[in-house]
Amino acid sequence: MTAPTGMHDGTTRYTGAPATAPDPAHPAPAPAPAQDAGLLLLRLALGLIMAAHGTQKLFGWFDGGGLEGTEQFFASVGYPAAGTMAVVAALTETLGGLALVLGLLTPLAGAAVLGTMLNAVAVKWDGGFFSPQGVEYELLLVAAAAALALTGPGRWAVDRALPVLRSHRLSHGVAAVALGTAAAGLTLLVRS
């Protein structure tokens with residue numbers, strides 16, 4: 001593999017010099033502030049949307065059904081122990097959303113949202129792709145949650161103060177996406 005060299009006209013040429021492996025003593029530069037701003041915007045949008053949906057289920061806020069209405073819905077679509085599933089979904093959406101807003105345990109928060117929304121996709125699958133009955137909105141939320149789990153929260157996040165997550169690693173994101181997908185799959189297996 002050869003190392004690319006940028007040209008004045010915006011093109012890239014290859015010098016023939018071998019590319020070198022990353023040097024741990026000289027880490028790659030931090031992402032640009034624009035990337036941090038974009039990740040913050042994505043975290044705020046997805047996190048607030050999910051927290052609002054969670055509080056609809058948990059407290060009945062924003063014209064939601066509360067736990068009783070959510071339990072009835074879960075029972076109607078074939079989830080066993082619908083009351084327990086309603087509490088789990090409500091807490092997962094609320095706490096996962098708030099964690100995304102803060103950038104706290106971002107890979108796990110992304111996994112929580114991803115798993116919950118994969119279940120929503122499965123429930124609505126027969127409605128087609130386009131809204132209002134389709135799954136396009138839910139798929140967008142799944143993709144956004146996976147993207148945040150994989151990329152990390154950016155520099156403007158609580159995770160930057162946590163030693164393990166200070167410098168996000170792709171392996172954390174991949175493991176979180178796998179965890180969220182597995183949890184969703186197991187939940188769907190018990191649905192009748």
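Located above this text is the structure these notes cover.
Residues numbered from 1 in each chain as written. Predicted model: local features only at pLDDT ≥ 70, side-chain atom pairs only at ≥ 80, totals over all residues. Heavy atoms only, no water.

Below, the discussion takes up the packing of helix α4 (residues 106–124) against helix α5 (residues 136–151). Between α4 and α5, the shortest axis-to-axis distance is 8 Å and the interhelical angle comes to 160°. Taken together, the axes of α4 and α5 are roughly antiparallel relative to one another. The hand of the α4/α5 crossing is left-handed. Across the interface between the two elements, Thr-106, Pro-107, Gly-110, Val-113, Leu-114, Met-117, Leu-118, Ala-120, Val-121 and Lys-124 from α4 touch Glu-138, Leu-139, Leu-141, Val-142, Ala-145, Ala-146, Leu-148 and Ala-149 from α5. When the residues that make up the contact of α4 with α5 are grouped by side-chain class, the tally is 14 nonpolar, two polar and two charged. (Axes fitted to C-alpha atoms, helices over the stretch in contact; angles between N-to-C directions. Helix = DSSP H or I, 4+ residues; strand = E, 2+ residues; numbered from the N terminus. Parallel < 35°, antiparallel > 145°, perpendicular 65-115°, else oblique. Left-handed = near helix turned anticlockwise from the far one by under 90°. Contact = heavy atoms within 4.5 Å. Nonpolar A, V, L, I, M, F, W, Y, C, P; charged D, E, K, R; others polar.)

Glancing now at the nonpolar core. Among the nonpolar cores identified, the biggest contains 21 residues, and Leu-46, Met-50, Leu-100, Val-113, Leu-114 and Met-117 are the most heavily contacted of them. Broken down by secondary-structure element, the contributors of at least two residues to this core are α1 (33–59), α3 (82–102), α4, α5 and α6 (170–190). Counting residues per element, this core draws most heavily on α5, which supplies seven residues. In contact with Leu-46, not counting residues within four places along its chain, are Leu-100, Val-113, Leu-141, Ala-144, Ala-145 and Leu-148. Grouped together as the second largest cluster of nonpolar side chains are six residues, Tyr-79, Ala-82, Met-85 and Ala-89 included. (Core = buried A, V, L, I, M, F, W, Y, C linked by side-chain atoms within 4.5 Å. Buried < 20%, exposed > 50% of the residue type's maximum accessible area, 1.4 Å probe, protein only.)

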